[in-house]
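A closer look at the structure
Residues per chain are reported as follows:
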Amino acid sequence: MQADIDAVRERLRDAKRVVVLTGAGVSAESGIPTFRGEGGLWRNHRVTDLATPEAFARNPALVWEFYNWRRMVISKVDCNPAHRALAAMEKGPADFALITQNIDGLHFRAGSRNVLEIHGNIWKVRCTYCGDVHLEQEPDFGTAPACRKCGAPLRPHVVWFGEGLDPRLLDTAYRLSASCDLMFVIGTSAVVQPAASFPFAAKSAGAFVVEINPERTPLAGAVDLALAGKAGEIVPQLVRP
Ligand code: BJW
Ligand code: ZN
């Protein structure tokens, strides 16, 4: 493992364009449950069953309760060594971009700046009618919040299953992936599209792709190097002086 880490440190030193793709595993060590691991249940609902437009149409109050609970959890945790190490990586000599599937905002809190939140942000809400988006930092947002502009129901500004990603963000994410020379894929089960295809875009364009995850994922056979371990333990070793 140490030899692999040293080799990656060397690649990082020489890289011109670095892209990092993160998932829920990066926030796991902050105490935020992942989607598909243990803790991927809320009141006996699979979390992934609540993150859908159908669930919101059926029972918006339940979906809001679920998001209020998550906002509460996130408001009480702190970023961890992996978030901080990625913020440090951005300060290195290479062009750097972080594409995250996480909606918790912890990369920003840790100091990362060039961040694409492709699945949205839990601290933003959007009007279901006029589309107005604004920040709402109070964790408990009630179960039937209404738009201040038009009175229509508000929803979390996140991307649910079956919904399209913001086309501009998606385009930027593909462009970055296909033009980097080093990509890190950290803490994602790599099963949710289109994010799971970014590492393939990077690979096809000739990038060296490193995965960091304690579990084997469907990507493992396709990446150049899979580092088996926790993000909070491995990423800081890549950036320490
Ligand atoms: C650690 C660790 C530690 C633990 N250190 N690691 C093509 C093929 C097949 C299906 C599709 C396809 N295209 C689209 C689909 C359908 C669907 C999809 O991909 N389904 C698959 C599940 C089969 N995709 C979509 O619906 C997407 N929409 C789309 O493509 O639209 C097309 C369209 C175009 C035009 C019009 C209409 C439609 C949207 C996907 C949105 C996903 N949304 C969610 C919810 C966000 C809001 C919220 O959080 O509430 O995003 S679902 C959930 O999964 C969340 C996550 O961002 C996402 C990914 O999960 P992630 O981050 O990988 O977490 P886990 O839990 O799965 O994995 C954690 C990992 O961490 C594990 O591997 C652990 O081992 C590891 N780990 N501790 C490092 N300490
Ligand atoms: Zn409105």
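Rules and cut-offs
- Residues numbered from 1 in each chain as written.
- Chains lettered and ligands numbered in written order.
- Predicted model: local features only at pLDDT ≥ 70, side-chain atom pairs only at ≥ 80, totals over all residues.
- Heavy atoms only, no water.
- Helix = DSSP H or I, 4+ residues; strand = E, 2+ residues; numbered from the N terminus.
- Rg over C-alpha atoms; globule rule 2.2 N^0.38 Å.
- Buried < 20%, exposed > 50% of the residue type's maximum accessible area, 1.4 Å probe, protein only.
- Areas by Shrake-Rupley, 256 points an atom, 1.4 Å probe, with all protein chains shown as cover.
- Donors = N, O, S within 2.8 Å, 3.2 Å for Na, K, Ca; no water.
- Tetrahedral: all angles 85-135°; square planar, octahedral: opposite > 155°, others 65-115°.
- Pairing = 2+ DSSP bridges.
- Axes fitted to C-alpha atoms, helices over the stretch in contact; angles between N-to-C directions.
- 1 Å grid on protein atoms, 1.4 Å probe; cavity = no way out; pocket = protein on both sides within 12 Å on 5 of 7 lines; lining within 4 Å.
- Points joined across faces, edges and corners; volume = space filled by probe spheres on them.
- Nonpolar A, V, L, I, M, F, W, Y, C, P; charged D, E, K, R; others polar.
- Salt bridge = Lys/Arg side-chain N within 4 Å of Asp/Glu carboxyl O.
- Near = heavy atom within 4 Å.
- Polar contact = N/O pair within 3.5 Å; in protein donor to acceptor, adjacent residues only side chain to side chain.
- Sits in = over half its atoms within 2 Å of the grid points.
- Domains from an automatic or database assignment.

Along the protein chain, the regular secondary structure elements total 10 helices and 11 strands. Whereas a compact globule of 241 residues would reach a radius of gyration of roughly 18 Å, the protein chain reaches 18 Å, a difference of no more than 12%. The buried share among the 241 residues of the protein chain stands at 51%. Total accessible area computed for the protein chain in this model is approximately 11,400 Å², and 52% of it derives from carbon and sulfur atoms.

Perfect tetrahedral coordination of a metal by four donors corresponds to 109.5 degrees between them, and perfect octahedral coordination by six donors corresponds to 90 or 180 degrees. For the zinc ion (ligand 2), the protein coordination sphere consists of Cys127 (SG), Cys130 (SG), Cys147 (SG) and Cys150 (SG), at 2.3 Å. Around the zinc ion (ligand 2) sit 4 donor atoms, and with donor-metal-donor angles ranging over 98 to 120 degrees the site reads as tetrahedral. Read in sequence order, the donor residues coordinating the zinc ion (ligand 2) give the pattern C-x2-C-x16-C-x2-C.

Read across the sheet, 6 strands follow the order 5-4-1-9-10-11 without closing on themselves; strand pairing throughout is parallel. One side of each edge strand has no neighbouring strand; the edge strands of this open sheet are strand 5 (115-117) and strand 11 (225-227). Averaged over all pairs of adjacent strands, the angle between strand axes in this sheet comes to 15 degrees, irrespective of strand direction. Examined bridge by bridge, strand 10 (residues 208-212) and strand 11 share 3 bridges and lie parallel to one another. From the neighbouring strand, Ile212 faces strand 11, where its bridge partner is Leu227.

Let us look at the layout of surface pockets. Remark: the empty space left among the atoms is shown by a probe the size of a water molecule rolled over them. Volume-wise, the largest pocket comes out at about 1,000 Å³. Forming the boundary of the largest pocket are 50 residues, of which Gly23, Ala24, Thr34, Phe35 and Arg36 lie nearest the centre. Contributing elements (two or more residues each) for the lining of the largest pocket: helix 2 (25-28), helix 3 (47-50) and helix 5 (60-76). Among the elements that line the lining of the largest pocket, the one with the most residues is helix 5, at 6 residues. A breakdown of the residues in the lining of the largest pocket according to their chemical character gives 25 nonpolar, 17 polar and 8 charged. Space inside the second largest pocket adds up to approximately 260 Å³. Lining the second largest pocket are 16 residues, with Glu117, Gly120, His157, Asp166 and Leu169 positioned closest to its centre. Within the residue set of the lining of the second largest pocket, elements represented by two or more residues are strand 5, strand 6 (120-127) and strand 8 (154-158).

Turning next to the pattern of salt bridges. One pass over the full model with this rule turns up 6 salt bridges. For Arg43, the salt bridge goes to Glu65, with nearest N and O atoms at 2.6 Å. With Arg43 in the loop between strand 2 (41-42) and strand 3 (45-46) and Glu65 in helix 5, this residue pair connects regions lying 22 residues apart in the sequence. Judged by relative accessible area, Glu65 falls into the partly exposed class, the value being 30%. Residues Arg155 and Glu163 are paired through a salt bridge, measuring 2.7 Å at the closest nitrogen-oxygen approach. Classification of Glu163 as partly exposed rests on a relative accessible area of 23%.

Near ligand 1 lie 34 residues; those nearest to it are Arg36, Tyr67, Arg70, Gly162 and Ser189. Taking Gln101, its main chain carries an N or O atom lying 3.0 Å from an oxygen atom of ligand 1. In the model, an oxygen atom of ligand 1 is placed 2.6 Å from a nitrogen or oxygen of the Gly162 main chain. Calculation on ligand 1 without its partners gives an accessible area of 1,500 Å², and the protein chains cover 72% of this total. When atom positions are compared with the pocket grids, ligand 1 is found to occupy the largest pocket. Per-class residue counts for the shell around ligand 1 are 16 nonpolar, 12 polar and 6 charged. Of the residues that make up the shell around ligand 1, three or more belong to each of domain 1 (2-31 + 78-119 + 164-239) and domain 2 (33-76 + 120-158).

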